[in-house]
Amino acid sequence: MKIAIDVMGGDNAPDAVVEGCAMALSKLGQDASLVLFGEERALQSLTARFGLASDRVELVAAGQRIGCDESPTQAIRQKKDSSLVRALNSVAAGEADCIVSAGNTGALLTGATLIIKRIDGVKRPALAPVLPTKTGGHVLLLDSGANTDCKPQYLQQFALMGAAYMEKVVGVKNPRIGLLNNGAEAEKGNELTKAVYPLLKNTPVNFAGNCEARETLSGDFDVVVADGFDGNVLLKSIEGTASVMMSLLKDALFSSVRTKIGAALAKPAFRALKRSLDYTEAGGAPLLGVRGGVIKAHGSSNVKAFCHAILQAERLIRGNVAQIIADSVAALPEED
């Protein structure tokens, strides 16, 4: 098993990426190895600094770097020697099983579709972040931005892909699938969700009905499917709300001597809350529906976050998720 690493992608690259690789290497199975793609001087100096001299680590020099503000399609086509494109090509050629990158999201999604390519029968790949729930579990949200406009069959396939990921990577048996909607009743929604509802009822997944936005993190669903526009709005709303609430809570706790004393007494509880909301524990968001593994790590990933993204890639590979998705999609009835 080989995992390709885009060393030059992300706000904290390349240092945090290489250190994250060093942290992950000791946690990976002995049959797993890393292929690091990046600028030659950076690779040599950082692997030496973080003790990555190992027969399980391969270094591949790449002379270019794709920035976060570059046009995705243009960057993929013009920067053939970039760390991202070379890592993508290694997965497409079967030389690596999965790519992990914290770099330009649009470039990664475009490159994965153009270079690695979609699984036969998959209409659209979907970006699927893993979010914490109030019950201590996780929920997979897809699509969260790869496909702004969707057809009903896309969401049907998202449900199959999400179910395969949650079962094989997260270990959830018979995951409950929810359809993001503006009401719980079957007749609620717009034209898209009204068309998707009966499709999901007749799809071989554990369809649990409509999921209102406020229920996403309730723990009542393991997978929530949506078109990329609504999914992205929901994701950003959750992130923004969490940030504001933590800020307001901090201000309130330090507003007086009494609240400061209370904050000190409740410190263990606040630490537990912070851990449950910590994105570094989840790793990254898989791009489901392409022929090889793709993990999009958070752009601001630190060492711990990138390490977990690599471990997530290992679970994705071992779960044989791409093949399960291919089999599930192939088994769907043909469209009329």
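In what follows, the accompanying structure is described. In this numbering scheme, every chain counts its residues from 1 along its sequence in written order. This being a predicted model, a pLDDT of at least 70 is required before a residue's local features are given, and a value of 80 or more before pairs of side-chain atoms are given or counted; all residues contribute to the totals for chains, interfaces and linings. Hydrogen atoms and water are omitted, and side-chain values are computed over all heavy atoms in the structure.

A few words now on the sheet that holds strand 10 (residues 223-225). Either a parallel or an antiparallel arrangement is found when strands of a sheet pair, and the pairing is made through backbone hydrogen bonds. We call two strands paired when DSSP finds no fewer than two bridges between them. Each helix is a run of DSSP H or I of at least 4 residues and each strand a run of E of at least 2, with the numbering of both proceeding from the N terminus. Across the sheet, which stays open at both edges, the five strands sit in the order 6-7-10-8-9 with mixed pairing between neighbours. Bordering the open sheet on either side are strand 6 (130-132) and strand 9 (206-212), each of which pairs with just one other strand. Within this sheet the neighbouring strands show an average axis-to-axis angle of 30 degrees, counted without direction. Where strand 8 (residues 176-181) lies against strand 9, five bridges are found, and the strand directions are parallel. In the sheet register, Asn181 faces strand 9, and the bridge partner there is Glu212. Geometry is summarised by axes, namely lines fitted to C-alpha atoms with helices restricted to the contacting stretch, and by angles between N-to-C directions that run from 0 to 180 degrees.

Here the term buried applies to any residue with accessible area under 20% of the maximum for its type, exposed to any over 50%, and partly exposed to those in between, with areas from a 1.4 Å probe on protein chains only. By the criterion of burial, helix 4 (residues 83-92) is predominantly enclosed, with seven of the 10 residues buried. Between two residues, a contact is recorded if the distance between any of their heavy atoms is within 4.5 Å. Where helix 4 is buried, its residues touch strand 1 (2-6), strand 2 (33-38), helix 3 (72-78), strand 4 (98-101), helix 5 (105-116) and strand 12 (293-297). Just downstream of helix 4, Gly94 is the residue with a positive phi angle, here 80 degrees.

In this section: the pattern of salt bridges. Salt bridges, as used here, are contacts in which a Lys or Arg side-chain nitrogen is within 4 Å of a carboxyl oxygen on Asp or Glu. The final tally for this structure, using the stated rule, is 10 salt bridges. With a shortest N-O distance of 3.7 Å, Lys2 and Glu58 are connected by a salt bridge. Of this pair, Lys2 sits in strand 1 while Glu58 sits in strand 3 (residues 57-61), and the two are 56 residues apart along the sequence. Residue classification places Glu58 among the partly exposed residues on the basis of a relative accessible area of 37%. Asp15 is the salt-bridge partner of Arg49, the closest N and O atoms lying 3.4 Å from each other. Placement of the pair is Arg49 in helix 2 (residues 40-49) and Asp15 in helix 1 (residues 15-25), with a sequence separation of 34 residues. On the basis of relative accessible area, Arg49 is assigned to the exposed category, the value being 54%. Taking relative accessible area as the criterion, Asp15 reaches 32% and is therefore assigned partly exposed. One network of salt bridges, with partners in common, ties together Asp31, Glu314 and Arg318.

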